[in-house]
Structure formats: C-alpha cells, structure tokens
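Here's the letter readout for the chains.
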Amino acid sequence: MASRLRLVGPTPSTDADSAQNPGISGKAAGEGERVGEAKTPEPPRREVTDLGGGSEVVYIPRFVAREKAWEWFDYLDKSIPWTRPEIRVFGRSANQVHEALPGSYFNSLLLNRYKTGSDYVSWHADDEPLYGPTPEIASVTFGCERDFLLRKKPTKSKATSGSGEAGRKQLKVTASQKQHSFLLKHGSLLVMRGYTQRDWQHSVPKRAKVSSPRINLTFRHVLS
Ligand SMILES: O=C(O)CCC(=O)C(=O)O
Ligand SMILES: [Fe+2]
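Residues numbered from 1 in each chain as written. Chains lettered and ligands numbered in written order. Predicted model: local features only at pLDDT ≥ 70, side-chain atom pairs only at ≥ 80, totals over all residues. Heavy atoms only, no water.

As recorded in an unreviewed UniProt entry, the protein chain goes by the name Fe2OG dioxygenase domain-containing protein, listed as coming from Miscanthus lutarioriparius. The record in UniProt for the protein chain states the following under Sequence similarities (unreviewed entry): "Belongs to the alkB family." (UniProt positions renumbered as here; feature names shortened; annotations may be inferred.)

It is worth spelling out the nonpolar core at this point. Counting 22 residues, the largest nonpolar core has Phe63, Val97, Ala138, Val140, Phe142, Leu217 and Phe219 as the members making the most contacts within it. If you list the elements that add at least two residues to this core, you get β3 (55-60), α2 (66-79), α3 (87-100), β4 (108-114), β6 (137-143), β9 (189-194) and β11 (214-220). Counting residues per element, this core draws most heavily on α2, which supplies four residues. When neighbours within four sequence positions are excluded, Val97 is seen to be in contact with Phe63, Phe106, Ala138, Val140 and Phe219. (Core = buried A, V, L, I, M, F, W, Y, C linked by side-chain atoms within 4.5 Å. Buried < 20%, exposed > 50% of the residue type's maximum accessible area, 1.4 Å probe, protein only. Helix = DSSP H or I, 4+ residues; strand = E, 2+ residues; numbered from the N terminus. Contact = heavy atoms within 4.5 Å.)

Let us now look at the side chain of Arg113. One can find Arg113 in strand β4. Given a relative accessible area of 19%, Arg113 falls into the buried group. Looking at Arg113, its side chain comes within polar contact range of the side chain of Asp77, at 2.7 Å. (Polar contact = N/O pair within 3.5 Å; in protein donor to acceptor, adjacent residues only side chain to side chain.)

Let us now look at the coordination of the iron ion (ligand 2). Coordination of the iron ion (ligand 2) by the protein is provided by His124 (NE2), Asp126 (OD) and His202 (NE2), with metal-donor distances spanning 2.1 to 2.2 Å. For the iron ion (ligand 2), the donor residues sit on a single chain with the sequence spacing H-x1-D-x75-H. (Donors = N, O, S within 2.8 Å, 3.2 Å for Na, K, Ca; no water.)

Attention now goes to the sheet that holds strand β8 (residues 179-184). What the four strands build is an open sheet, ordered β5-β10-β7-β8; its pairing is antiparallel. With partners counted over all chains shown, the strands left at the sheet margins are β5 (121-124) and β8, one partner each. Ignoring which end each strand starts from, the neighbouring axes of this sheet average 15 degrees apart. Both strand β7 (residues 146-152) and strand β10 (residues 200-204) contribute to a ladder of four bridges, which runs antiparallel. Following the sheet pairing, Leu149 is matched in β10 by Ser203. (Pairing = 2+ DSSP bridges. Axes fitted to C-alpha atoms, helices over the stretch in contact; angles between N-to-C directions.)

Printed below as a string of structure tokens:
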C-alpha cells in the first residue's frame, strides 16, 4: 500500500484569498496562464471523459508547470515530516485547485506517497457518506507517472445472477468490460465528479518496472 496522510481543516479558499494568492485566476487550469510566467505557445489540454450516467472525469496533464511541479515534489518528498505536515502547504494547494475548478470547495487533503511500483491503491470508491452523494475529488500528481484505472462497480444483481463458478465468472467479465485508464503525469490534475464514486471504482495498480516515488495530493470536501 501507499503511505497515507490525511489533513482536515476549514475551507481555505475564498475570492479574497484568490486575489492575494493568484495562481490560475478566474479560469480553468489549462486555459489561463500563471502570473509571472512567460506565455507558452502550446495551450495546455483539458480532457473531459463522460463515463455516462452522470459520472465524469476531467484530466489536465499539465496542471502544474513542470519545473514548479518538481519543486513541489522535492518539498513534499524531503522537507515535509509526513507525520506532522505543515498546514501552509494545504492552504496553498487548495487555493490553486479551487481556482482551477471554479465553484469547487475543498476542506480535506489526503496525501499518498508511492515509494516504488510495489506501492499501490487497490480497487475502491471514495463513497463514504461524509463526502455526500456526488463528491468532487481532485487529485494532483508529482514525480513518477502512474496508471490510474476506473472500472464500473459490479452491481448487486450481476453478483447474484448466477451461482458458484458461473456466477463469479459473469461478475468478472462485467467488471473488466467498462474500464478507463489514465496515465497520471508529473504535474497533472485529475478530477472525478458527478456519480463517479457511486457507480465506479478506481485504483493505482502495482507496476513492476517503476522504481521512483510518486506523491499524490487528493482534495475533497467533507460535509460538516
Ligand atoms: O493516488 C491516486 O491517484 C489515487 C489515490 C486514491 O484513490 C485515494 O487516496 O483515495
Ligand atoms: Fe480513491
């Protein structure tokens, strides 16, 4: 499993905060430019995958500029005491994601560190009631790129539609047919929203050839 750390705090993003701390102000990531940085001739991409049934994934491969993303990686990897992280990082990160996703609000941050390809997160959905029925979950990646998989949740009717061996086989086929794969690049942002947690599962599988670390920040809103 990956190393994990969870921070929960007050919603840090307000319009006033954004004005004092401009990141990708007023525009979705990939559509705006960073203050103080030269314009890039290549417009950053924003890919929207409609999973159907009200579930959606947004993937922005170059959410954080490459050099800046390495600075963040080094800071998170080396300087942060993982057992006592500095809350300032939470505030800055949340502001930036908030600005990239207008209308979003986050008050919880989960950090995962995948030391090598042996570290993984198995199939699950972040569908706990504390996140509400249609949670928006934003995930920023630093360091080594890893695969992120989504598969349709096996439904109860399918699981009980057969008995014994035949029933189990049918369930497996159903699960593998509807699968999406994203290569989460250094500095990328992936957002799951709508009914993605209710209807889909996601995982970061083991990768034998991966030997360097990946750090992932996952922003959520916990209902009060
Ligand atoms: O590392 C990732 O990209 C996903 C992590 C995840 O699914 C989780 O923390 O719930
Ligand atoms: Fe998750």
